[in-house]
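# Notes for the structure review
Here is how the chains run, residue by residue.
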Amino acid sequence: RSTKNYVVSFTSALYEELRRQGSNVSVSCLCPGPVDTEFNKVARVHFSVKGAKSMDVAKYAIKKMFNEKLIIIPGFMMKCALFFCSFLPRKMLLKITFKIQEKKRK
């Protein structure tokens with residue numbers, strides 16, 4: 001989780017630096033949530049929610065990337081989850097995240 005947060009923060013900082021320099025380079029950060037891939041089987045993890053189709057995520061990401069979207073979040077459910085998370089205290093989010101990650105391994 002901390003690595004993912006770092007990538008979002010780093011991408012955001014890089015985005016702002018490029019914008020202030022008037023660069024034609026754009027950056028985006030894809031935050032897809034659960035994606036149904038072979039990796040899940042190999043890693044022996046199971047999501048408590050149905051994963052998105054990888055092709056759908058890729059198509060959405062490419063479309064938003066070309067629109068120079070900074071943070072790309074495919075799927076209505078992921079957008080809702082992130083919206084509601086902004087109202088919860090950090091310690092509560094930590095507990096919820098731990099429980100979700102723990103369920104994946106079972």
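This report concerns the structure included in the present document. Bear in mind the structure is a predicted one, so any value in this text is a computation, not a measurement. (Residues numbered from 1 in each chain as written. Predicted model: local features only at pLDDT ≥ 70, side-chain atom pairs only at ≥ 80, totals over all residues. Heavy atoms only, no water.)

## A closer look at the state of the cysteines
With the rule as written, the count across this model stands at zero disulfides. The structure places no disulfide on Cys 31, whose sulfur is separated from the nearest cysteine sulfur, that of Cys 29, by 4.1 Å. (Disulfide = S-S within 2.5 Å.)

## Remarks on the packing of aromatic side chains
Following the criterion strictly, the structure yields three aromatic pairs and no others. Ring geometry for Tyr 6 and Phe 10: centres 5.9 Å apart, planes at 20 degrees, overall stacked. A residue pair is termed a helical-turn pair when its members lie 3 or 4 positions apart in one helix, as Tyr 6 and Phe 10 do in helix H1 (residues 2-20) at four residues. Classification of Phe 10 as partly exposed rests on a relative accessible area of 45%. Centre to centre, the rings of Phe 83 and Phe 84 are 5.2 Å apart; their planes meet at 75 degrees, and the pair counts as edge-to-face. For Phe 84, a relative accessible area of 52% puts it in the exposed group. Through a chain of ring-to-ring contacts, three or more aromatic side chains come together here, namely Phe 83, Phe 84 and Phe 87. (Phe/Tyr/Trp six-rings, centres within 6.5 Å; stacked < 30°, edge-to-face > 60°. Helix = DSSP H or I, 4+ residues; strand = E, 2+ residues; numbered from the N terminus. Buried < 20%, exposed > 50% of the residue type's maximum accessible area, 1.4 Å probe, protein only.)

## What to know about the environment of Leu 18
By secondary structure assignment, the location of Leu 18 is in helix H1. For Leu 18, a relative accessible area of 14% translates into the label buried. When sequence neighbours within four positions are dropped, the list of residues in contact with Leu 18 reads Ser 23, Val 25 and Val 27. (Contact = heavy atoms within 4.5 Å.)

## Some details on the side chain of Thr 11
Turning to its location among the elements, Thr 11 is positioned in helix H1. Taking relative accessible area as the criterion, Thr 11 reaches 9% and is therefore assigned buried. At a separation of 2.7 Å, a polar atom in the side chain of Thr 11 contacts the main-chain carbonyl oxygen of Val 7. (Polar contact = N/O pair within 3.5 Å; in protein donor to acceptor, adjacent residues only side chain to side chain.)

## Observations concerning the pattern of salt bridges
Summed over all chains, the structure comprises three salt bridges. In this structure, Glu 16 engages Arg 19 in a salt bridge whose closest nitrogen and oxygen atoms are separated by 2.6 Å. A residue pair is termed a helical-turn pair when its members lie 3 or 4 positions apart in one helix, as Glu 16 and Arg 19 do in helix H1 at three residues. Using a relative accessible area of 25% as the deciding quantity, one classes Glu 16 as partly exposed. The salt bridge partner of Glu 38 is Lys 41, with a shortest N-O separation of 3.7 Å. Residue Glu 38 and its partner Lys 41 are located together in helix H2 (residues 38-43), separated by three residues, close to a single helical turn. Residues Glu 38 and Lys 41 agree in their burial class; the two are exposed. (Salt bridge = Lys/Arg side-chain N within 4 Å of Asp/Glu carboxyl O.)

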